[in-house]
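Fold and contact review
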Number of protein chains: 2
Amino acid sequence: MTKEKKLDLPTLPEGYVLSTLSSQDYDNGALQVLAQLTTVGDVSRENFNKFVDLQLTPEYNTIVIRNKSEIVVGIATLLLETKLIHGYSKVGHIEDVAVESRERGTNLGRYMIRYLCNLAISCGCYKVILDCDLENVDFYKKCGLDERGIEMEYR
Amino acid sequence: MTKEKKLDLPTLPEGYVLSTLSSQDYDNGALQVLAQLTTVGDVSRENFNKFVDLQLTPEYNTIVIRNKSEIVVGIATLLLETKLIHGYSKVGHIEDVAVESRERGTNLGRYMIRYLCNLAISCGCYKVILDCDLENVDFYKKCGLDERGIEMEYR
């Protein structure tokens, strides 16, 4: 991957800022935005802070977008996996992408996906992958990704 | 997930042993088996050992199956991801599953997949996922997994 291939970022609404997850986001809506994506359940402040501490390791890269009032309106994680293959390279996994429903249509999702793809490139990943439902394929294509394979799961 | 749901492991051929990846596997075929799956490229002994050291972190769990001669005939990785969702839970990602071509049909792949699903359960994962090509869906279904979603990629 070359710098030329970096994805263009759309413009964020005025006053909106992308940042890494921090402990104050516990009180400012991070879990409420995630709850619009999937089951969040009980997450204590202690466990939230443990997750914030994981951001100090190379693997975890959770970003948030905060609005003018510093409320979280978007959240997503890039998990960096070191691999033996491709010459001891890395793959980026984009996980748990959620946007506040009242903010849909303002490019926050596309902004986060492209930001994380670019971050993965700059961290040495040879590819970035994510899994999604069939109905979200078109959204991710607009972000710059291609359909690749099938996600299998065991619960 | 309950212990009752643990997947049955098939029988390994006599003398075959499942183990965690170790530095001696560099000389005993680990990279050659991976090269039957995908591009491995240049992996120095130093970088191989760095990857072995990652196995000391909770995230990386790479297993090998060695035959009677202690040659690697199978390799796979379970990457454990801590998540805020599902009550600060974990998801297991199965990655880079490769079996020596001369050993196909001896259940080594199915053994590794089921072993890693069970390991993920015992580590507290609420689900285990992997991405595969369409032609491998039936194999993973036989291992106990279900089709779930679409893998998207950016290169």
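Everything quoted here is computed from the prediction, not taken from an experiment.

A closer look at helix 4 (residues 108–122) of chain A
Residues and elements named next belong to chain A. In this model, helix 4 (15 residues) spans 21 Å end to end at C-alpha, consistent with the 21 Å of a helix rising 1.5 Å per residue. Most of helix 4 sits inside the fold, with eleven of its 15 residues counted as buried. When helix 4 is considered as a whole, its buried residues turn out to be Leu108, Gly109, Tyr111, Met112, Ile113, Arg114, Leu116, Cys117, Asn118, Ala120 and Ile121. Downstream of helix 4 by a residue or two, Gly124 has a phi angle that is positive, lying close to 95°.

Observations concerning the sheet that holds strand 6 (residues 146–154) of chain A
Across the sheet, which stays open at both edges, the twelve strands sit in the order 1(A)-2(A)-3(A)-4(A)-5(A)-6(B)-6(A)-5(B)-4(B)-3(B)-2(B)-1(B) with mixed pairing between neighbours. Strands with a single pairing partner mark the edges of an open sheet, and in this sheet they are strand 1 (17–20) of chain A together with strand 1 (17–20) of chain B. Taken over all neighbouring pairs, the strand axes of this sheet differ in orientation by 30° on average, direction set aside. Looking at chain direction, strand 6 of chain A and strand 5 (residues 125–132) of chain B are connected through five bridges and run antiparallel. What sits directly across from Glu151 of chain A, in strand 5 of chain B, is Asp131 of chain B. Along the sheet, helix 2 (residues 45–54) of chain A contacts strand 2 (60–66) and strand 3 (72–82) of chain A together with strand 3 (72–82) of chain B; its crossing angle with strand 2 of chain A, the most-contacted strand, is approximately 110°.

Concerning the relation of the copies chain A and chain B
Mapping chain A onto chain B calls for a screw motion: a turn of 180° about the axis and a shift of 0.0 Å along it, with 0.0 Å RMSD after fitting. The two molecules are tied by a two-fold rotation axis, judged by turn and shift. It is Ile150 of chain A whose C-alpha, among those of chain A, lies nearest the rotation axis, at 2.5 Å.

A closer look at the UniProt feature "domain: N-acetyltransferase" (unreviewed entry) in chain A
UniProt feature "domain: N-acetyltransferase" (unreviewed entry): in the numbering of this structure it lies at residues 16–155 of chain A. The span residues 16–155 of chain A carries 29% helix and 35% strand; its end-to-end C-alpha distance comes to 37 Å.

Calculation criteria
- Residues numbered from 1 in each chain as written.
- Chains lettered and ligands numbered in written order.
- Predicted model: local features only at pLDDT ≥ 70, side-chain atom pairs only at ≥ 80, totals over all residues.
- Heavy atoms only, no water.
- Helix = DSSP H or I, 4+ residues; strand = E, 2+ residues; numbered from the N terminus.
- Expected span 1.5 Å × (residues − 1).
- Buried < 20%, exposed > 50% of the residue type's maximum accessible area, 1.4 Å probe, protein only.
- Pairing = 2+ DSSP bridges.
- Axes fitted to C-alpha atoms, helices over the stretch in contact; angles between N-to-C directions.
- Contact = heavy atoms within 4.5 Å.
- Least-squares fit on C-alpha atoms with pLDDT ≥ 70 in both.
- UniProt positions renumbered as here; feature names shortened; annotations may be inferred.

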